[in-house]
Amino acid sequence: AQSVSQHNHHVILSEAASLELGCNYSYGGTVNLFWYVQYPGQHLQLLLKYFSGDPLVKGIKGFEAEFIKSKFSFNLRKPSVQWSDTAEYFCAVPNYGGSQGNLIFGKGTKLSVKP
Amino acid sequence: KAGVTQTPRYLIKTRGQQVTLSCSPISGHRSVSWYQQTPGQGLQFLFEYFSETQRNKGNFPGRFSGRQFSNSRSEMNVSTLELGDSALYLCATSGLVTNEQFFGPGTRLTVL
């Protein structure tokens with residue numbers, strides 16, 4: 001079965017530190033990839049997406065992610081985090097094993113940024 | 001453009017009862033998906049509706065059901081509630097760009 005793995009359950013950083021959150025997926029074909037963010041008390045929001053083309057994609061709020069097909073990875077990065085980035089981050093892929101229209105999510109990574 | 005709306009936002013029920021949750025999609029979106037979010041299991045797909053037809057179903061028991069109306073609004077129903085059904089139920093809708101889903105704020109269901 002398809003799966004998405006996020007390696008870090010909880011990451012704690014100080015402001016201005018650099019961030020990298022890992023995401024690996026299991027599907028071997030052409031793939032769409034997403035990162036969603038859930039700020040405390042708010043709903044899931046799309047942070048960035050990869051459909052095709054440049055493997056380095058830029059999202060909102062200074063986030064970017066790199067698609068590395070050979071490693072089945074789509075890691076999320078930010079050069080300098082802010083306290084307001086405290087949130088839970090989810091990597092997701094469409095369920096190619098079934099039909100499209102639903103997403104398989106990783107377990108999420110909680111990011112806590114200390115001011 | 002208004003976002004995805006879900007009602008009610010909070011629900012408290014007791015075991016054995018049933019519950020109906022509602023989702024109104026972004027205007028023009030015809031696909032509505034439902035997810036269950038819990039601390040232990042994370043986000044799990046329940047089902048997806050498109051043009052009033054269930055297009056996809058996740059691995060949940062038959063107590064979980066849904067439907068979609070002609071205006072694309074969707075409801076999900078959980079019968080014979082169990083304590084383990086306590087969760088945040090999220091609705092997500094998508095339009096022309098398949099798989100890019102927009103999420104509502106969720107309904108927090110607590111089963112006592």
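Our subject is the structure listed above.
Each value, and the rule that gives it
Residues numbered from 1 in each chain as written. Chains lettered and ligands numbered in written order. Predicted model: local features only at pLDDT ≥ 70, side-chain atom pairs only at ≥ 80, totals over all residues. Heavy atoms only, no water. 1 Å grid on protein atoms, 1.4 Å probe; cavity = no way out; pocket = protein on both sides within 12 Å on 5 of 7 lines; lining within 4 Å. Points joined across faces, edges and corners; volume = space filled by probe spheres on them. Helix = DSSP H or I, 4+ residues; strand = E, 2+ residues; numbered from the N terminus. Nonpolar A, V, L, I, M, F, W, Y, C, P; charged D, E, K, R; others polar. Buried < 20%, exposed > 50% of the residue type's maximum accessible area, 1.4 Å probe, protein only. Salt bridge = Lys/Arg side-chain N within 4 Å of Asp/Glu carboxyl O.

### Details of the layout of surface pockets
Size it by volume and the largest pocket reaches roughly 510 Å³. Lining the largest pocket are 21 residues, and of these A:Ile104, B:Leu43, B:Gln44, B:Phe45 and B:Asn59 lie nearest its centre. The set of elements that each furnish at least two residues to the lining of the largest pocket consists of strand 11 (103–105) of chain A together with strand 5 (42–50) and strand 6 (53–57) of chain B. Considered class by class, the residues forming the lining of the largest pocket number eight nonpolar, eleven polar and two charged. Within this model, the second largest pocket holds a volume of roughly 310 Å³. Mapped onto the lining of the second largest pocket, the elements with two or more residues apiece are strand 10 (87–94) of chain A together with strand 4 (31–38) and strand 9 (87–94) of chain B.

### Some details on the side chain of B:Ser22
Relative to the elements of secondary structure, B:Ser22 occurs in strand 3 (residues 19–24). Looking at B:Ser22, the relative accessible area reads 13%, which means it is buried.

### Points about the pattern of salt bridges
Residues and elements named next belong to chain A. This model, assessed by the stated rule, comprises nine salt bridges over all chains. A salt bridge links Lys58 to Glu64; the nearest nitrogen and oxygen atoms lie 2.9 Å apart. What makes Lys58 exposed here is its relative accessible area of 63%. What makes Glu64 buried here is its relative accessible area of 17%. When the shortest N-O distance is used, the salt bridge between Arg77 and Glu66 registers 3.1 Å. Of this pair, Arg77 sits in strand 9 (residues 73–78) while Glu66 sits in strand 8 (residues 64–68), placing them eleven residues apart in sequence. Relative accessible area serves as the criterion here: at 27%, Glu66 is assigned to the partly exposed category. Connected through salt bridges with shared partners, the residues Lys58, Glu64, Glu66 and Arg77 form a single ionic network.

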